[in-house]
Amino acid sequence: MIQASSNSIATYPLLYNFAGGVGLLPPKVISEAQQAILEVPGTGISALVINHRSQLCRDILDETEKNIRTLLNVPDNYRILFLQGGASLQFSMIPMNLWVSKNQPVDYIVSGYWSTKALKEAEIEGKNVNIIWNGKAQKFVRVPSQHEYKIDPDAAYVHYCSNETVEGLQFAEPLETRNVPLVCDMSSDFLAKPVDISKYGLVYAHAQKNIGAAGVTVVIIRDDLLECIPDNIPTVLDYRPHVEMKSIYNTPPVFAIYVVLLVTRWLLNDIGGLANMAEQSQRKAAMLYKVIDQSEGFYRGHAQVDSRSLINVVFNLATPDLETPFIAAAKQLGIIGLEGHRSLGGIRASLYDSMPIDGAQYLQNFMLEFQEQFKNY
Ligand code: PMP
């Protein structure tokens, strides 16, 4: 029987949850959210019943926006929106809004499960979709380097996913697109490291991995892209009313946004900004990749080394027969959510912002102990 490591689970009040779909939240944020359900401090109102036309709602949205601007140093010529429909709705809203003339091409990099989903929705909107790089034939084990794709200078935009959550692949840097607007699905690495927003035309990320609970999606869009949006799209799917009404075109998910506010405060005040968060991410990922690399094939990383994600560590065990016992033994020690995505199987350990370094350490110890016990299996 594998013993609990010295890093006791008691240092963290909940289970160590490494699930990929929905991340952890800092214990401090959970207790502040719990308190806000009774009363947003000093307001006499529960966060669950804030009227969207009230000053309190405006204040919550404004502070959340201000914090994201500060964390990412967002330039003044970008708007920040809080929308519903998840990252999946952006797969459609982006081509609807930014693909003005359908004679123009749009360029897509297909590097994994989620960029494939985005591509499919673009193909519904128009025919002229160029796949400028596709990693499918290689089973999505890496992201391309710059010389492997060519962006059409006439493209309305180029879309990519900075961190493929399922396969555990991450682009280290934004694509170089010259003047073609760069659009990025940052759902799984948003606010995990500093990013130069000025390189992008549009960035989107749902909240439920790094920055909050499900229900709200952040969109950061450059002003000039708002000027070309066609007039024939349904109002709620058009970015402009959301910009004009500062995310209160219709009733926003105020509680979900309030949780994002709490997380951004935590990132600013407790973590000390995104450079510190990035450093923590590096440390957490390094712990797990070290075990994989030194395991002599007992653990097998999915991604090629230079494409490895610092956020989703995806691997197999030497034989698939060991994966079910691995997951079961982990559960006994309070480590949950290690099952790989249903499309890929294997193991995935997700290290979102709120996973403490202790959590990665605890999993590292477990992996070493499991290997020791089963190395001759
Ligand atoms: N993009 C990425 C990178 C994702 O990881 C996910 C979901 N895990 C999505 C998009 C879809 O997000 P949603 O469920 O919010 O639509």
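Relevant structure appears above.
The structure displayed is predicted, hence computed values, not measured ones. (Residues numbered from 1 in each chain as written. Predicted model: local features only at pLDDT ≥ 70, side-chain atom pairs only at ≥ 80, totals over all residues. Heavy atoms only, no water.)

Things to note about the pairing of strand S3 (residues 106-110)
Here is step 1 of the chain: Counting buried positions along S3 gives five out of five residues, so the element sits mostly inside the fold.
Here is step 2 of the chain: Here S3 shows no split at all, with Val106, Tyr108 and Val110 on one side and Asp107 and Ile109 on the other all buried.
Here is step 3 of the chain: Sheet topology places S3 next to strand S4 (residues 129-134); five bridges connect them, and they run parallel. Of the residues in S4, the one forming a bridge with Val106 is Val129.
Here is step 4 of the chain: Taking the sense of rotation as the criterion, the β-α-β connection linking S3, helix H4 (residues 113-125) and S4 turns out right-handed.
Here is step 5 of the chain: Two strands pair when backbone bridges link them, and S3 and strand S5 (residues 158-161) are joined in this way by two bridges, in the parallel orientation. What sits directly across from Asp107, in S5, is Val158. (Buried < 20%, exposed > 50% of the residue type's maximum accessible area, 1.4 Å probe, protein only. Helix = DSSP H or I, 4+ residues; strand = E, 2+ residues; numbered from the N terminus. Pairing = 2+ DSSP bridges. Right-handed = clockwise from strand over helix to strand, strands pointing away.)

Comments concerning the nonpolar core
Here is step 1 of the chain: Among the nonpolar cores identified, the biggest contains 93 residues, and Leu72, Tyr157, Phe190, Ile220 and Tyr239 are the most heavily contacted of them.
Here is step 2 of the chain: Both domains that meet at this core, namely domain 1 (47-271) and domain 2 (274-374), each give it at least three residues.
Here is step 3 of the chain: Aside from chain neighbours lying at most four places away, what touches Ile220 is Ile68, Leu72, Val74, Tyr78, Arg79, Ile80, Phe190, Ile197, Gly201, Leu202 and Val203.
Here is step 4 of the chain: Counting 33 residues, the second largest nonpolar core, distinct from the first, contains Phe326, Ile335, Leu338 and Leu363. (Core = buried A, V, L, I, M, F, W, Y, C linked by side-chain atoms within 4.5 Å. Domains from an automatic or database assignment. Contact = heavy atoms within 4.5 Å.)

Things to note about the site of the ligand
Here is step 1 of the chain: As a structural note, the neighbourhood of the ligand is formed by 13 residues, with Ser88, Thr165, Asp185, His206 and Lys209 the closest of them.
Here is step 2 of the chain: One of the backbone N or O atoms of Ala87 is found 3.0 Å from an oxygen atom in the ligand.
Here is step 3 of the chain: Between the ligand and Thr165 there is a distance of 2.6 Å, counted from an oxygen atom to a side-chain nitrogen or oxygen.
Here is step 4 of the chain: Protein contact buries 86% of the 400 Å² of open area that the ligand shows by itself.
Here is step 5 of the chain: Broken down by element, the residue count for the shell around the ligand peaks at four residues, all from helix H3 (residues 86-98). (Near = heavy atom within 4 Å. Polar contact = N/O pair within 3.5 Å; in protein donor to acceptor, adjacent residues only side chain to side chain. Areas by Shrake-Rupley, 256 points an atom, 1.4 Å probe, with all protein chains shown as cover.)

Re the side chain of Glu167
Here is step 1 of the chain: In this structure, Glu167 sits in the loop between strand S6 (163-164) and strand S7 (169-170).
Here is step 2 of the chain: Although buried, Glu167 forms no salt bridge, and the nearest oppositely charged side chain, Arg348, lies 7.5 Å from it.
Here is step 3 of the chain: Among the polar contacts made by the side chain of Glu167, one reaches the main-chain amide nitrogen of Tyr113 at a distance of 2.9 Å.
Here is step 4 of the chain: Setting aside its immediate chain neighbours within four residues, Glu167 contacts Gly112, Tyr113, Phe140, His302, Val314 and Leu344. (Lys, Arg positive; Asp, Glu negative; His and termini not counted. Salt bridge = Lys/Arg side-chain N within 4 Å of Asp/Glu carboxyl O.)

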